[in-house]
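Chain by chain, the residues:
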Amino acid sequence: MRIGILGNGQMADALGTRWRRAGHEVRTGGRSGGLREAAEFGTDAVLLALPYAAVAEVVGGLGEVLRGRALIDCTNPVGPGFRLLTAGGPAGAERIAAAAPAAHVVKAFNLCHVDVWRLTPPVFDGRPLAVPLCGDDPAALDVVRQLVRDLGCEPLDAGGLDRAGLVEATAALLIGLWVGEGADAQAIAPPLAHAAGQPL
C-alpha cells in the first residue's frame with residue numbers, strides 16, 4: 001500500500017517504520033512542510049498523527065486531497081488532568097470527519113503508548129494486542145484491518161464513527177490510570193468467560 005502520514009513525531013515514526021518493514025510505501029510530512037505531499041502520496045491510507053489541537057485545521061485545508069481516502073485518526077483529545085476535551089460531543093474523530101467530509105475516517109491506534117507500537121510484534125503472554133476500529137466506510141475499514149494485522153495485532157470492530165467517542169473516552173480513562181495512578185489498567189477487565197457470564 002501507499003501510506004501518507006501527516007505528522008513526523010513519535011507515532012508517525014513508530015507506525016511508519018513498522019509498515020515499511022511490512023512492505024508498504026510510506027511518506028511523512030510535518031506542519032513545517034510536506035503535509036500536502038504526504039496526503040497526496042497516501043492513495044491507500046493517510047494516518048493523522050498530529051497533536052489533536054491541530055488536526056481539524058490541517059485536514060480542513062487538505063479536504064480535496066483527502067477525498068475518498070481512508071483517513072486514520074490515532075489522536076487523543078485528552079487535556080490536563082487526563083480530561084476528555086470533547087466531553088459532551090461530538091467526538092474528536094467526528095470533528096475530523098466534519099472538517100474533511102469527503103474522507104473516510106477510521107478511529108484506530110489511539111489506546112497505546114508509542115513504545116507499544118515499536119514492539120515486533122505487540123504480543124503479551126501469547127496474546128496479540130487487539131486494536132478497536134470505529135468507522136462507517138467498509139472499504140476504509142478493510143484497509144485499516146490489514147494495517148493492524150501487518151503490525152501483528154488483531155482488529156476489533158467497535159462500531160461506526162458515532163462510537164469513536166467511546167474509544168476516546170477509554171483512552172482518557174486508561175491514560176489517567178496508567179500515567180496518573182501507575183495502575184495496571186488491564187486488570188480492570190476480567191477474562192472473556194467471566195465478562196460474558198459463561199460457565200467455566
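Everything below is about the structure shown above.
Residues numbered from 1 in each chain as written. Predicted model: local features only at pLDDT ≥ 70, side-chain atom pairs only at ≥ 80, totals over all residues. Heavy atoms only, no water.

**Student:** An account of the layout of surface pockets is requested, with residue identities and associated values reported.
**Tutor:** Counted as a void, the largest pocket has a volume near 980 Å³. Lining the largest pocket are 27 residues, and of these Arg 127, Leu 129, Ala 130, Gln 186 and Ala 189 sit closest to its centre. Listing elements by their share of the lining of the largest pocket, those giving two or more residues are α5 (114-117), β9 (127-128), β10 (130-135), α7 (164-181) and α8 (192-195). Looking at the lining of the largest pocket element by element, the count peaks at four residues for α7. (1 Å grid on protein atoms, 1.4 Å probe; cavity = no way out; pocket = protein on both sides within 12 Å on 5 of 7 lines; lining within 4 Å. Points joined across faces, edges and corners; volume = space filled by probe spheres on them. Helix = DSSP H or I, 4+ residues; strand = E, 2+ residues; numbered from the N terminus.)

**Student:** Explain the packing of aromatic side chains residue by residue, including any values.
**Tutor:** Per the counting criterion, the structure on display carries two aromatic pairs. Ring geometry for Trp 19 versus Phe 109: centroids 5.7 Å apart, planes at 70°, classification edge-to-face. Taken together, the residues span a long stretch of sequence, with Trp 19 in helix α1 (residues 10-21) and Phe 109 in the loop between β7 (104-107) and α5 at a distance of 90 residues. Its relative accessible area of 0% is what places Trp 19 among the buried residues. Members of the aromatic cluster, joined through ring pairs, are Trp 19, Phe 109 and Trp 117. Just above the ring of Phe 41 sits the side chain of Arg 2; from NZ or CZ to the centre is 4.0 Å. (Phe/Tyr/Trp six-rings, centres within 6.5 Å; stacked < 30°, edge-to-face > 60°. Buried < 20%, exposed > 50% of the residue type's maximum accessible area, 1.4 Å probe, protein only. Lys NZ or Arg CZ within 6 Å of the ring centre and 35° of its normal.)

**Student:** Run through unusual backbone geometry, naming residues and quoting values.
**Tutor:** Between Gly 89 and the following residue, Pro 90, the backbone shows a cis peptide bond with an omega angle of -5°. Mapped onto the fold, Pro 90 is located in the loop between β6 (83-84) and α4 (92-99). For the bond running from Thr 120 to Pro 121, omega is -5°, close enough to zero to count as cis. Position of Pro 121 relative to the elements: it lies in the loop between α5 and β8 (123-124). Within the chain, Phe 82 stands out as a residue other than glycine whose phi angle is a positive 60°. Along the chain, the position of Phe 82 falls in the loop between β5 (78-79) and β6. Judged by its relative accessible area of 33%, Phe 82 falls in the partly exposed class. One non-glycine residue, Phe 109, adopts positive backbone phi at about 65°. The buried category is assigned to Phe 109, whose relative accessible area is 1%.

**Student:** Break down the sheet that holds strand β1 (residues 2-6) for me, with residues and values.
**Tutor:** Strand pairing within a sheet occurs via backbone hydrogen bonds; the two strands may be parallel or antiparallel. Spatial strand order, β2-β1-β3-β4-β7-β10-β11: seven strands in an open sheet with mixed pairing. Two strands lie at the open edges of the sheet, namely β2 (25-29) and β11 (154-157), each paired on one side alone. Ignoring which end each strand starts from, the neighbouring axes of this sheet average 25° apart. The pairing of strand β4 (residues 70-73) with β7 spans four bridges and is classified as parallel. Looking at the pairing, Ile 72 lines up with Val 106 of β7. Along the sheet face, helix α6 (residues 138-150) touches β1, β3 (45-48), β4, β7, β10 and β11 and points at about 165° away from the line of β10. (Pairing = 2+ DSSP bridges. Axes fitted to C-alpha atoms, helices over the stretch in contact; angles between N-to-C directions. Contact = heavy atoms within 4.5 Å.)

**Student:** Break down helix α3 (residues 52-61) for me, citing the residues and quoting the values.
**Tutor:** By the burial criterion, the buried members of α3 are Tyr 52, Ala 54, Val 55, Val 58 and Val 59. Projection of α3 onto a plane perpendicular to its axis shows the buried side chains occupying an angular sector of 130°, all on one side. Away from its buried face by more than 90 degrees, α3 exposes Ala 53 and Glu 57. At its buried positions, α3 is contacted by β1, α2 (35-41), β3, β4 and α4. (Arc of directions from axis to C-beta.)

**Student:** I'd love a proper account of the pattern of salt bridges, names of residues and values included.
**Tutor:** A pair can form between side chains of opposite charge whenever their charged atoms are brought close. This structure, assessed with the given rule, holds six salt bridges. For Glu 64, the salt bridge goes to Arg 67, with nearest N and O atoms at 3.0 Å. By relative accessible area, Glu 64 is classed as exposed at 58%. Each of the salt bridges in this network shares a partner with another, and the network as a whole consists of Asp 73, Lys 107 and Glu 168. (Salt bridge = Lys/Arg side-chain N within 4 Å of Asp/Glu carboxyl O.)

By themselves, these are just geometric observations and shouldn't be taken as functional.
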